[in-house]
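Structure at a glance
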Amino acid sequence: MTPKPVSHSRTTLTELMIPSYANFGGRVHGGILLSLMDKVAYACSAKHAGQYCVTVSVDGVNFRQPVDVGELVSLMASVNYVGRTSLVVGIKVIAENVKSGTVKHTNTSYFTMVAKDDADQPTEVPPLLLETPDDVRRFLEAIKRKELRASFGEHFDNAKTRMLLAENIGKLSSERCQITDELRAQL
Ligand SMILES: CC(C)(COP(=O)(O)OP(=O)(O)OC[C@H]1O[C@@H](n2cnc3c(N)ncnc32)[C@H](O)[C@@H]1OP(=O)(O)O)[C@@H](O)C(=O)NCCC(=O)NCCS
């Protein structure tokens, strides 16, 4: 397969935050931003793959700042990494107040997408042509995140398997929870 450059699929989605996107606090629902991120991840990955793509996992969704109604939100997406059938799309989200000119960086997140063929099976995607030092850095960072996620998953699974309630219950004494007397007697 011929490698495709990052620039081939780079995608920006800009949307005005309208009043119906607001939560009860008058700010934009996190779910609205997640939905927009999913859309731009789809557009970017499908352009690179030349196939229909599905979302498999999402990393790094930490909203650092609230987004207000009336702001213009832009989601800048590019393919950071490709495996055999999967792609990682990095998305930088900014919110702009057009009157004051202030721009907030709300989050940068990473969507792992998988390309599917007409039989709904994962299908190979073109390699990524890296043309700039940033392309190389993002590709390497994606490999690092993949390794960290694999190691975290393994440790977490082991920790869960070994988690004995009676041995660990003391850890809850400094937490903001309360165990009923009936439950405590059973543990
Ligand atoms: C994603 C999916 C195709 C993986 O199926 P599978 O039988 O595990 O297929 P494979 O083992 O061949 O994995 C395919 C690719 O997905 C990657 N993958 C699978 N699970 C993953 C996960 N949790 N996180 C990151 N990558 C994952 C694999 O590493 C592989 O990548 P590679 O080909 O680049 O090496 C399947 O789980 C699926 O269809 N999920 C539903 C996705 C969907 O519908 N999303 C929309 C939600 S409504």
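Residues numbered from 1 in each chain as written. Predicted model: local features only at pLDDT ≥ 70, side-chain atom pairs only at ≥ 80, totals over all residues.

1. Description of the overall build of the protein chain
When you go through the protein chain residue by residue, the secondary structure sums to 5 helices and 7 strands. Going residue by residue from the N terminus, the α and β elements of the protein chain occur as β-α-β-α-β-β-β-β-β-α-α-α. Compactness check: the protein chain gives a C-alpha radius of gyration of 21 Å against a globular reference of 16 Å for 187 residues, more than 25% above the reference. Taking the principal axes of the C-alpha coordinates as reference, the protein chain spans close to 65 × 45 × 35 Å. Across the 187 residues of the protein chain, 24% fall into the buried class. Here the contacts in the protein chain between residues at least 6 apart in sequence split such that 72% fall between residues at least 24 apart. (Helix = DSSP H or I, 4+ residues; strand = E, 2+ residues; numbered from the N terminus. Rg over C-alpha atoms; globule rule 2.2 N^0.38 Å. Buried ≥ 20, exposed ≤ 12 C-beta atoms within 10 Å, placed from the backbone. Contact = placed C-beta atoms within 7 Å.)

2. Things to note about the site of the ligand
As a matter of local geometry, the ligand sits amid Val54, Thr55, Val56, Ser57, Gly83, Arg84, Thr85, Ser86, Thr112, Val114 and Pro122. For the shell around the ligand, the secondary-structure elements that each account for two or more residues are strand 3 (52-59) and strand 6 (103-116). The element contributing the most residues to the shell around the ligand is strand 3, with 4 residues. Split into classes, the residues belonging to the shell around the ligand amount to 4 nonpolar, 6 polar and 1 charged. (Near = placed C-beta within 6 Å. Nonpolar A, V, L, I, M, F, W, Y, C, P; charged D, E, K, R; others polar.)

3. Focus on the sheet that holds strand 2 (residues 11-16)
Pairing is antiparallel across the open sheet formed by 5 strands, whose spatial order is 2-4-5-6-3. Looking at strand neighbours, the two that pair on one side only are strand 2 and strand 3, the edges of this open sheet. Recorded for the sheet is a direction-independent mean angle of 30° between the axes of neighbouring strands. With 11 bridges connecting them, strand 5 (residues 86-96) and strand 6 associate as antiparallel partners. By the bridge assignment for strand 6, Glu96 is matched with Val103. (Pairing = 2+ DSSP bridges. Axes fitted to C-alpha atoms, helices over the stretch in contact; angles between N-to-C directions.)

4. So, the pairing of strand 6
Bridge count between strand 3 and strand 6: 7 bridges; the pairing is antiparallel. When the bridges of strand 6 are listed, Val58 appears paired with Phe111. In this antiparallel pair of consecutive strands, strand 5 and strand 6, the connection spans 6 residues, and Gly101 shows a positive phi of 80°.

5. Section: the UniProt feature "domain: HotDog ACOT-type" (unreviewed entry) in the protein chain
Following the UniProt record, one finds the feature "domain: HotDog ACOT-type" (unreviewed entry) at residues 7-119. With 20% helix and 44% strand, residues 7-119 has end C-alpha atoms that lie 29 Å from one another. (UniProt positions renumbered as here; feature names shortened; annotations may be inferred.)

6. Observations regarding the environment of Val114
As for its placement among the helices and strands, Val114 is situated in strand 6. Sequence spacing of Val114 and Arg64 is 50 residues, and the spatial spacing of their C-alpha atoms is 28 Å. The contacts of Val114, once residues within four sequence positions are left out, are Cys53, Val54, Val56, Thr85, Ser86 and Pro122.

7. Digging into unusual backbone geometry
Residues other than glycine seldom take positive phi values, yet Asp120 does so here, at roughly 65°. Here Asp120 is to be found in the loop between strand 6 and strand 7 (128-129). The class for Asp120 is exposed, based on 9 C-beta atoms found within 10 Å.

8. Here we look at helix 3 (residues 133-162)
Here helix 3 contains 30 residues, and its C-alpha end-to-end distance of 43 Å stays within 8% of the 44 Å for a straight helix at 1.5 Å per residue. Sparse coverage of helix 3 is indicated by the burial of 2 of its 30 residues. (Expected span 1.5 Å × (residues − 1).)

9. Side note on the nonpolar core
Taken as a class, soluble globular proteins show a tendency for nonpolar side chains to be buried jointly. One finds Met37, Val40, Ala41, Leu75, Leu87, Val89 and Ile91 to be the most contacted residues of the largest nonpolar core, which totals 32 residues. Secondary structure elements with two or more residues in this core: helix 2 (30-49), strand 4 (72-82), strand 5 and strand 6. Counting residues per element, this core draws most heavily on helix 2, which supplies 7 residues. With residues near it in sequence (within four places) discarded, Val40 still touches Thr11, Leu13, Leu75, Ala77 and Ile91. (Core = buried A, V, L, I, M, F, W, Y, C linked by C-beta atoms within 7 Å.)

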